[in-house]
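# Summary of structural features
What follows is each chain in one-letter form.
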Amino acid sequence: MADKTPTPADSAAVAAPASPPAAPARLTSAPGYQVRRLHQAYLAAWVRAVDRTLTGPQFAVLTTVHVYPGSDQSSLASAVALDTSTMADLALRLEKRGLLERRTTAADGRRKLLYLTPEGERTLAAAEARVRELDERLLDTYGPADRERLLRELTSLADRWERLGAEG
């Protein structure tokens with residue numbers, strides 16, 4: 001009677017197929033799965049093309065503070081699609097890096113007003129060009145009308161999904 005004990009070669013063959021399996025159709029037909037894939041691909045492209053330390057949410061905060069200096073942290077959280085606790089942590093990290101200044105208001109010690117530092121202005125200006133180049137590369141297969149349509153559809157989808165998430 002032959003010994004049926006698996007050998008190390010048998011285990012390796014089972015553990016490492018010749019090619020990775022394809023994602024099942026029940027995943028590839030799910031919008032959330034495709035959004036996650038897009039997000040992962042975007043993060044990888046961001047790190048290569050824009051900055052290894054400045055994240056997309058940090059860039060969004062710097063951009064929004066640049067446009068609305070002196071706005072309070074809670075109001076800006078909504079503008080950049082962050083919850084208030086994430087915004088507080090992110091603003092603190094940007095402050096520690098010398099990119100952002102948080103000032104407490106005299107009337108309410110809990111309310112923080114945000115301002116870019118000169119280093120924050122320089123960092124934002126340097127990143128802005130790289131972000132626009134990345135945006136161009138991401139959409140280079142679309143003509144102007146198709147880009148507008150795609151961005152409208154993405155915005156509409158994001159708005160709807162945010163409403164669904166808030167319904168609890």
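The paragraphs below set out a description of the structure included in this document. (Residues numbered from 1 in each chain as written. Predicted model: local features only at pLDDT ≥ 70, side-chain atom pairs only at ≥ 80, totals over all residues. Heavy atoms only, no water.)

### Focus: helix H7 (residues 118-138)
So the rule is basically this: Strands are runs of DSSP state E lasting at least two residues, helices are runs of H or I lasting at least four, and both sets are numbered from the N terminus onward. A helix is expected to span 1.5 Å multiplied by its residue count minus one. A 1.4 Å probe rolled over the protein chains alone gives each residue an accessible area, and that area as a share of the maximum for its type sets the label: buried under 20%, exposed over 50%, partly exposed in between.
When the terminal C-alpha atoms of H7 are compared, their 30 Å separation across 21 residues agrees well with the 30 Å that a helix rising 1.5 Å per residue should span. Residues Gly-120, Thr-123, Leu-124, Ala-127, Val-131 and Leu-134 constitute the buried set of H7.

### Remarks on the environment of Tyr-33
Basically, it comes down to this: Residues are treated as being in contact if the distance between any of their heavy atoms lies within 4.5 Å.
Relative to the helices and strands, Tyr-33 resides in helix H3 (residues 31-49). The exposure class of Tyr-33 is buried, given its relative accessible area of 17%. Not counting the four nearest positions on each side in its chain, Tyr-33 is found in contact with Ala-23, Leu-27 and Thr-28.

### So, helix H4 (residues 56-67)
Compared with the 16 Å implied by 1.5 Å per residue over 12 residues, the 17 Å span of H4 between its first and last C-alpha is a close match. Where H4 is concerned, the buried positions are Gln-58, Phe-59, Val-61, Leu-62, Thr-64 and Val-65. For H4, the elements touching its buried residues are H3, helix H5 (73-79), helix H6 (84-96), strand E1 (100-104), strand E2 (112-116) and H7.

### Topic: a nonpolar patch on the surface
Basically, it comes down to this: Patch membership requires over 30% relative accessible area and the absence of a salt bridge. Like charges are linked within 9 Å, and nonpolar side chains (Val, Leu, Ile, Met, Phe, Trp, Tyr) within 5 Å. In these tables, accessible area is a Shrake-Rupley quantity obtained with a 1.4 Å probe, and a residue counts as shielded only by the protein chains included in the view. Salt bridge, as applied in this entry: a Lys or Arg side-chain nitrogen positioned within 4 Å of an Asp or Glu carboxyl oxygen.
On the surface, Val-35, Leu-157, Trp-161 and Leu-164 cluster together into a nonpolar patch covering about 310 Å² of accessible area. Looking at the nonpolar patch element by element, the count peaks at 3 residues for helix H8 (residues 144-166). If you trace the backbone, Leu-164 turns up in helix H8. Taking the relative accessible area as the measure of exposure, Leu-164 reaches 39% and is therefore partly exposed.

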